[in-house]
Amino acid sequence: MATWKEGSDCCLWEGVTCDHFTSHVVGLHLDCPFETTTLHPDSSLFHLRHLRSLDLSRNGFQGSTIPSNFTQLTNLAHLNLSRSRFSGHIPLGFSHLNKLVSLDLSFNGPNGGDNHDFSNLLLNATGLSKLVLHYMDMSNIKPSSFSNLSRSLTYIDLSECGLAGNFPESVFRLPNLQVFLLGYNPLLSVQFPSSNWTAGRLKLTIPASIGNLKSLDTLLLENCSLLGSIPASIGNLTSLTYLDLRDNSLSGKFPDILSNLVRLQHLSLRCNKISGWFPDVFGNLSQELTLLDVSSNNFTGPIPSLIFNLPQLQYLHLHHNFLTSMAILLPSHTEKLEFLDISYNMIEGPLSIPWSPSLSYLSVANNKFAGRIPYRMICNLTILSVINLSNNNLSGEIPACLTNLIQLSTLQLRMNNLHGSFPSVFGNMSSLENLDLNGNTLGGSLSQSLTACKKLEVLDVGNNEISGVFPHWLSSLPVLKVLILHSNSFHGPITTESMNPVDGFSMLRILDISHNYFDGLLPATLFHKFPSMMMLEEFEKTGVEYLETSSIYNEYYTVVLTVKGQEMMITRILTIFTTMDLSNNDFRGSIPEAIGELESLKHLNLSHNSLSGPIPSSLVNLTELEALDLSFNQLTGVIPPQLASLTSLEKLNLSQNLLRGPIPQGNQIQTFDNASYIGNQELCGPPLSKKCNGDDGDGNDHHDDSEPEFDGALFDWAFAGAGYGCGLVIGISAAYIMFTIRKPRWLVDMIDKWIRWQQQNRRWRPAITF
C-alpha cells in the first residue's frame, strides 16, 4: 500500500484487481511478510461490496480479533487470512458468506467459535471447493459439523487443529475430493463408510476399497497407527501424484502393482515393517518420481540397478534396512539425484557411487564396505555438502582431493581402517562445519591449515595416532564448539600464551583431551579461555535445542563421549551440554581455583593424573554439575563440605587419592556409595564402615573397606619368577616392548593405574622399571 498514490487510478495500484467493465474493485491481494499492522472494524475495506477475492495472509494483526464486518462482503468467493495472527473466534455471521469457493484460516489463533454458527457456515457454502483450517483451534467444534460439506470440495486440510470425537464418514463420499489432510488430531476417531469402503477403523488397516477413489491426487496417511499390508488396490489410483504412508506399522511385501502409478512423484513408506526382497518394481515406478523413501523397514537383498535410472529422482532414502549389495550399471540416468542415504544396511564389497552432478548429500555409513575410498568418483562430485562414510571397513589413505570440495560442510570418516598422515591441506574447505575422523590409525600432526575453516564447529580426531603438542592455534576458529583429541599421542604441557588473546576458545562447549601424554601444571589462565562454559545465565534462557549444521539438511552432530563413567554415543547434543575431560594424562600440581568459573559445566573429569593438593572449594560454584571424577590422583586434605550443596550431582568419584577426614553429609552427596571414596585410607564416616574418631567412644579406627578390587591381581613378580623360569624372560621382554611403544593402550593404562595406586599408598615399588 506504500506505493498507492491518492488521486490516481486505484485499478493500477499494486495488489488491486478491478472488473474490466464496471471498474469495481473485485480483488485485493495484500499479503505482507509479517508486517505489524491493524485492521479496524470501520476500515474502508468493508465498503468494497463487489469484492470477490481478498488475500490478507501473512499480515501481523498482533492477536486482534477477526472483525465481524467481513460478513458485509457477501460477494466474496476467495478469502485468505492465513498466518495473520488473528485471535478470538470466527465471528457470528460468517455463515452469510454463501458464495465462498475457497476459505483459508490456517495458522491463526481463533477458535471455531459457536458450533451452530460454524455448522451453518459450512452448510451455506454450497460452492466451497477448498477449505483450509490447518493449525487452528477447533477443539470446541464437534466433528459432526462437517457432515454436510459442499459436494464441490476438492481440497480439505483439517490437520493439527485439535478435533476430537468421531469424524463423520460422509466426508469420504464427497465425489470430487482429491486432497484430504486429517493428520495429527490424536483425539479424533475415523470410521470409513461401509458402502464404499471395507468396514474398519483407520487405525487398523487400509481398506481395499480405497482403490475406488479414482480421482485421488494425494493420499497422506502418515502416523495413523495403520496395521496390515498395503492393499494392491492402491495401484488403481492412477491419478495419484503423492503417496505418504510413513510412520505406521504396515507389514507384508510391497505390491508390484504400484508400478501402475505412472504419475507418482512422491512415495514415502518410511518407518514401517515392510519386508521381503527389495523389489525390482521400484525401478519401474513413474518416470516422474522425485522422492523415494523406504527407510526404516525390513527390506533385504540387493539394491536393483534400475532404481538409479529414474530420470527425475532427486531424493533416495534406503537407510535402516537389511540390504546386502548394490550394483550400479553405467551409465546411469540419475543426473538430478541430490540426496542418497543407504546407511545402516549390510552392504558389502567395494564402495560404488552413482555419479550425479547434482549430488550434494551422500551417506553410506554403518555398512560393510571395504577397500579404498573411490576418490575419482567422489572428488568429481563438486557440489557435495555432506559425506558420511563412517563405520565401514574402508582402508588406505584419505584422498587429498577431498579437500578441494569447497562446498563440503560435513566430512565423517569415523571408525574405518584409514591410515597415513593427517591431511595437510584444508585451505579450500571454507564451508566445513563438521570434521569427524575418529577411530582410524591416522598419524602425523594436525595441520594448521584448519585455521582457514572459519565455520568449523566440530573437530573429532579421537582414537588415532596423531602426535604433537596441544593445538593452541585452534582457538582462532570463531565457532568451534566441540574439540575431541582423546586417545592419541599428544604430549607436553598446555600453555595459554599462544591462544586467542581475547577470549580463547570462545564457543567451545565440549573438550575431551583424555588418554594422551599431556603433562605439566594446569595453568589457572586455561580456565579463563572457555567463556561458553561460564555463561550460566545465557543457558538458563535457552530452550531445548540441539547443535546442528547450518546446511539445508540440518544434521545433528554426533559424538562419542564418556558420560558419567560410561562411554556412549550422543546422537543429539543439547546446546546447554558442556563437558571437560582431561583424564588419563600426567598433569601435576594443584587444581586451580579458577575452575570454579566454569559455571555452566555439566561434566568434569580430571581422573588418572598426578594432581595434588586440596580439592578446590570453588567447585561449589558449578551448580549445573552432574558428574565429577577426580579419582586416581594424589589429592590431599578434606572433602570440602560445600560439595554437599551440588544438588545436580549424579555421579561422584573421589576414589584412589590421599583424602582424609569425615565425608560430608546431607543433600545429594550422601546418596553416593563406597565406590565414590575407596582407596582413601584416612577418610571416615558413611557410607564407609570406618567410623571417625569419637564416633563410637573407643577412639579407634575400624576396618577400612576401601581396598581396591584389583589389589595384587595384575602381577606378582616373585610368583611369576619362581613358576615360569624362561617364560619370565619372554614376559619381561614383551612387557618392555609394550611399555616402550605404549600398545595395547588399554593394558598399558590399566597397569599404570595399578602401579600409581600402589605408589600412592606406599605398598609397592617396582623392582623392574621400563
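A quick note: this is a predicted structure, and the numbers were derived from the prediction, not measured.

### Structural notes on the packing of aromatic side chains
Applying the stated criterion across every chain, the model contains 17 aromatic pairs. Consider the rings of phenylalanine 470 and phenylalanine 505, whose centres lie 6.2 Å apart with planes at 70°: the pair is edge-to-face. Here the residue phenylalanine 470 occupies a position in the loop between β31 (467-468) and β32 (482-484), and phenylalanine 505 occupies one in the loop between β33 (489-492) and β34 (510-512), the gap between them amounting to 35 residues. Take phenylalanine 505: its relative accessible area is 3%, and that puts it in the buried class. When the centroid spacing of 5.6 Å and the interplanar angle of 75° are considered together, the rings of tyrosine 546 and tyrosine 556 count as edge-to-face. Here the residue tyrosine 546 occupies a position in the loop between α3 (536-540) and β36 (559-563), and tyrosine 556 occupies one in the loop between α3 and β36, the gap between them amounting to 10 residues. What makes tyrosine 546 partly exposed here is its relative accessible area of 28%. Taken together, the ring pairs connect Phe470, Phe490, Phe505, Phe518, Phe530 and Phe587 into an aromatic cluster. The cationic tip of lysine 130 hangs over the ring face of tyrosine 155; the distance from NZ or CZ to the ring centre is 5.0 Å.

### Focus: the pattern of salt bridges
Overall, the coordinates contain 11 salt bridges when judged by the stated rule. Residue aspartate 247 pairs with arginine 270 through a salt bridge whose shortest N-O separation is 3.3 Å. Taken together, the positions of aspartate 247 in the loop between β14 (242-244) and β15 (266-268) and arginine 270 in the loop between β15 and β16 (275-277) put the pair 23 residues apart, joining distant regions of the chain. One salt bridge in this structure joins arginine 588 and aspartate 586, with 3.0 Å as the shortest N-O distance. One connected set of salt bridges, linked through shared partners, spans Glu222, Asp244, Arg246, Asp247 and Arg270.

### Brief notes about the sheet that holds β16
Spatially, three strands are ordered β16-β18-β20 in an open sheet, and the strand pairing comes out parallel. Every interior strand has two partners, whereas the edge strands, β16 and β20 (322-326), have only one. The mean angle between the axes of side-by-side strands here comes to 10°, regardless of whether they run parallel or antiparallel. Pairing between strand β18 (residues 298-303) and β20: four bridges, direction parallel. Opposite threonine 300, over in β20, you have phenylalanine 322 as the bridge partner.

### Quick look at the sheet that holds strand β35 (residues 517-521)
Taken together, eight strands build an open sheet; the order of strands is β31-β33-β35-β39-β41-β43-β45-β46 and the sheet is parallel. At either end of the open sheet lies a strand with only one pairing partner, and these are β31 and β46 (682-684). The sheet contact formed by strand β43 (residues 634-637) and strand β45 (residues 658-662) spans two bridges and is parallel. In the sheet register, threonine 636 faces β45, and the bridge partner there is leucine 658.

### Regarding empty space enclosed by the protein
This model, assessed by the stated rule, comprises four cavities of 30 Å³ or more. Around the largest cavity, the lining residues are Ile398, Pro399, Leu402, Thr403, Leu411, Pro423, Phe426, Leu435 and Leu437. The class makeup of the residues in the lining of the largest cavity is eight nonpolar, one polar and no charged.

### Looking at the side chain of serine 390
Relative to the helices and strands, serine 390 resides in the loop between β25 (386-388) and β26 (393-396). Looking at serine 390, the relative accessible area reads 4%, which means it is buried. Here the side chain of serine 390 touches arginine 414 through a polar contact of 3.3 Å, landing on its backbone nitrogen. Other than its neighbours up to four places away in sequence, serine 390 contacts Ala365, Asn366, Gln412, Leu413, Arg414 and Asn416.

### Things to note about the pairing of β36
Most of β36 is tucked away, with four of its five residues classed as buried. With five bridges joining them, β36 and strand β37 (residues 566-570) adopt antiparallel strand pairing. Along β37, the bridge assignment pairs valine 559 with isoleucine 570. Here β36 folds back onto β37, and the loop between the two strands holds two residues, one of which, lysine 564, carries a positive phi near 55°.

### Notes on the confidence of the model for the protein
Residues with a pLDDT of 70 or more make up 85% of the protein, whose mean pLDDT is 83. Under a pLDDT of 50 for its full length, residues 696-733 has, in the predicted model, 44 contacts with residues more than four places off or in other chains.

### Looking at the environment of aspartate 55
Here aspartate 55 lies in strand β4 (residues 53-55). The class for aspartate 55 is buried, based on a relative accessible area of 15%. For the pair formed by aspartate 55 and histidine 29, sequence separation is 26 residues and the distance between their alpha carbons is 4.6 Å. Ignoring anything within four residues of it in the chain, the contact list for aspartate 55 reads Leu28, His29, Leu30, Asp31 and Asn80.

### As for the environment of glycine 88
Tracing the sequence through the fold places glycine 88 in the loop between β6 (78-80) and β7 (102-104). Expressed as a C-alpha distance, the spacing of glycine 88 and threonine 65, which sit 23 residues apart in the sequence, is 5.1 Å.

### Quick notes on the pairing of strand β39 (residues 586-589)
Bridge count for β35 against β39 is three bridges, and the pairing is parallel. Looking across to β39, one finds that leucine 521 is bridged to arginine 588. Sheet analysis places β39 next to strand β41 (residues 610-613), joined by two bridges and oriented parallel. Bridging from a neighbouring strand, arginine 588 pairs with serine 610 of β41.

### Some words on the environment of arginine 151
Relative to the assigned elements, arginine 151 resides in the loop between β8 (130-132) and β9 (155-157). Considering only alpha carbons, one finds arginine 151 and glycine 127, 24 residues apart in sequence, at a separation of 7.9 Å. If near-sequence neighbours (up to four positions away) are discounted, arginine 151 is found in contact with Leu174, Pro175 and Asn176.

Rules and cut-offs
Residues take numbers from 1 onward in each chain, read along the sequence in its written order. Given that this is a predicted model, residues contribute local features only at a pLDDT of at least 70 and side-chain atom pairs are listed and counted only at 80 or more, while totals for whole chains, interfaces and linings are drawn from all residues. Excluding hydrogens and water, the side-chain figures rest on all heavy atoms present in the structure. Centre distance within 6.5 Å is the pairing criterion for rings of Phe, Tyr and Trp, where only the six-membered ring of Trp is used; planes under 30 degrees apart are then read as stacked, over 60 as edge-to-face, and the remainder as tilted. Helix and strand assignments come from DSSP, with helices taken as H or I runs of at least 4 residues and strands as E runs of at least 2, each series counted from the N terminus. With a 1.4 Å probe rolled over the protein chains alone, any residue whose accessible area is under 20% of its type maximum counts as buried; one over 50% counts as exposed, and the rest are partly exposed. For a Lys NZ or an Arg CZ to count as sitting over a ring, it must be within 6 Å of the ring centre and within 35 degrees of the ring normal. Any carboxyl oxygen of Asp or Glu that lies within 4 Å of a side-chain nitrogen of Lys or Arg is treated as forming a salt bridge with it. Strand pairing is assigned whenever DSSP detects at least two bridges linking the two strands. Between N-to-C directions, angles cover 0 to 180 degrees, with each direction set by a line fitted to C-alpha atoms, over the stretch in contact for helices. Buriedness of a pocket was judged along seven lines, with at least five required to meet protein on both sides within 12 Å; pockets are open sets of points on a 1 Å grid over the protein atoms alone, cavities are sets where a 1.4 Å probe fits but cannot get out, and lining residues have an atom within 4 Å of a point. Grid points are joined across faces, edges and corners, and a volume is the space filled by probe spheres set on the points. Residues were grouped as follows: Ala, Val, Leu, Ile, Met, Phe, Trp, Tyr, Cys and Pro as nonpolar; Asp, Glu, Lys and Arg as charged; and all remaining residues, including Gly, as polar. Between N or O atoms, a polar contact is any pair within 3.5 Å; within protein, one atom must be a potential hydrogen donor and the other a potential acceptor, and residues adjacent in sequence are included only when both atoms are from side chains. Contacts are assigned to residue pairs that have any heavy atoms within 4.5 Å of one another. How sure the predictor is of each residue is captured by pLDDT, a score from 0 to 100.

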